[in-house]
Amino acid sequence: LNLVYRILPAALALTLLIPAESTQAAETAETILIRQALEKDRSGRRRGDAELVLSAYDDDRIVVYDAGGSIDGRNWSVLHDSRDEVATALETDLSTRRYDIQRQVIFIGVWKNKAFVTTIDSGATIDGASGSRTPYAQSRLWTFRKLDEEWLATAVIASGRGCLGLPLQAFCPRADTR
């Protein structure tokens, strides 16, 4: 009996150290479509194609926020509150740099025709003039809505290092306003 009391805690501790199998839910048609929209955004940035990026965004409702490293929405600031503003910022940004980024989708939550997604982008930006590479890392919270069987981003809340040390490289203000 004394041996059982000595071995049982050790066996329990070893059991807790064994990695558990992943319990991720299977992909659904909805999550696959959302991943496709996210890939349009990433691929458009890699190719320097603002139209491809914008094809992932809602025409009527898109807002881009700078989270400023804060989880508290009261501390976020609106960078762009229309598709036209986002388009102008993207075109300016993509005319001067390319993105060599990877995107990791951390979580997708879908409820009826709404969804939210968290992603982490990492890699580098490449200056168009000099070819110099700058490390890039950005975490984002996305909101989506389903419109005519297509998932479109309605908000992007981003936090991370961006252009010239400012947050939100892909949504930076024009170069002459920095």
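The structure displayed is predicted, hence computed values, not measured ones.

Conventions and cut-offs
Residues numbered from 1 in each chain as written. Predicted model: local features only at pLDDT ≥ 70, side-chain atom pairs only at ≥ 80, totals over all residues. Heavy atoms only, no water. Helix = DSSP H or I, 4+ residues; strand = E, 2+ residues; numbered from the N terminus. Contact = heavy atoms within 4.5 Å. Areas by Shrake-Rupley, 256 points an atom, 1.4 Å probe, with all protein chains shown as cover. Phe/Tyr/Trp six-rings, centres within 6.5 Å; stacked < 30°, edge-to-face > 60°. Buried < 20%, exposed > 50% of the residue type's maximum accessible area, 1.4 Å probe, protein only. Patch = residues over 30% accessible without salt bridge, like charges linked within 9 Å, V, L, I, M, F, W, Y side chains within 5 Å. Salt bridge = Lys/Arg side-chain N within 4 Å of Asp/Glu carboxyl O. Core = buried A, V, L, I, M, F, W, Y, C linked by side-chain atoms within 4.5 Å. Expected span 1.5 Å × (residues − 1).

Draft legend 1. Representation of the overall build of the protein chain within the structure. Helix and strand counts for the protein chain stand at four helices and six strands. Reading the secondary structure of the protein chain in the N-to-C direction produces α-α-α-β-β-α-β-β-β-β. Put simply, 54% of the contacts in the protein chain that link residues at least 6 apart link residues at least 24 apart. About 10700 Å² of surface is accessible on the protein chain, with carbon and sulfur atoms providing 57% of the total.

Draft legend 2. Spatial organisation of unusual backbone geometry. The residue Lys112 is not glycine, and still its phi comes out positive at about 55 degrees. The residue Lys112 is located in the loop between strand S3 (97–111) and strand S4 (114–127) in this model. Residues other than glycine seldom take positive phi values, yet Asp148 does so here, at roughly 50 degrees. Counting through the fold element by element, Asp148 comes out in the loop between strand S5 (133–147) and strand S6 (150–161).

Draft legend 3. Molecular detail of the packing of aromatic side chains. Tallied over the entire structure, the rule returns five aromatic pairs. On the numbers, 5.6 Å between centres and 85 degrees between planes, the contact of Tyr99 with Tyr136 is edge-to-face. In this pair, Tyr99 sits in strand S3 while Tyr136 sits in strand S5, placing the two residues 37 residues apart along the sequence. The residues Tyr99 and Tyr136 share a single accessibility class, namely buried. Judged by centre distance (5.5 Å) and plane angle (35 degrees), the ring pair of Phe107 and Phe116 falls under tilted. Of the aromatic side chains, those joined through ring pairs into one cluster are Tyr57, Trp142 and Phe144.

Draft legend 4. Representation of a nonpolar patch on the surface within the structure. A contiguous nonpolar surface patch, about 370 Å² in accessible area, is contributed by Ile106, Phe107, Phe116 and Ile120. Taken together, the elements giving at least two residues each to the nonpolar patch come down to S3 and S4. Within the element layout of this structure, Ile106 appears in strand S3. Here Ile106 falls in the partly exposed class, since its relative accessible area comes to 45%.

Draft legend 5. Quick look at the environment of Thr119. Structurally, the position occupied by Thr119 is in strand S4. A C-alpha to C-alpha distance of 8.3 Å links Thr119 and Gln138, two positions 19 residues apart in sequence. For Thr119, the contacting residues outside a window of four places in its chain are Leu38, Arg103, Gln104, Val105, Ile106, Gln138, Ser139, Arg140 and Trp142.

Draft legend 6. Representation of the nonpolar core in the model. Within the largest apolar cluster, 25 residues are counted, with the highest numbers of intra-cluster contacts made by Ile34, Tyr57, Val86, Leu90, Val117, Trp142 and Phe144. Every element with two or more residues in this core is listed here: helix H2 (29–47), helix H3 (50–54), helix H4 (83–96), S3, S4, S5 and S6. Those residues in contact with Trp142 that lie beyond four places of it in its chain are Leu38, Asp41, Tyr57, Arg103, Ala115, Phe116, Val117, Thr119, Ala153, Ala155 and Val156.

Draft legend 7. Representation of H4. In a regular helix each residue adds 1.5 Å, so 14 residues correspond to 20 Å; H4 covers 20 Å between its end C-alpha atoms and thus fits that length. Within H4 the residues assigned to the buried category are Arg83, Val86, Ala87, Ala89, Leu90, Asp93 and Leu94. Looking at the buried side of H4, the elements it contacts are H2, H3, strand S1 (63–66), strand S2 (77–80) and S3.

Draft legend 8. Expanded view of the pattern of salt bridges. Scanning the model with the defined rule gives 15 salt bridges in all. The partner of Arg42 in a salt bridge is Glu39, and the shortest N-O contact between them spans 2.9 Å. Separated by three residues within a single helix, Arg42 and Glu39 lie in helix H2, roughly one turn from each other. Note on Glu39: relative accessible area 36%, which makes it partly exposed. In this structure, Asp100 and Arg133 form a salt bridge, with 2.9 Å as the shortest nitrogen-oxygen distance. Residue Asp100 is located in strand S3, and its partner Arg133 is located in strand S5; the two are separated by 33 residues in the primary sequence. What makes Asp100 partly exposed here is its relative accessible area of 23%. Here the salt bridges do not stand alone but share partners, grouping Asp41, Arg45, Arg103, Asp121 and Arg140 into one network.

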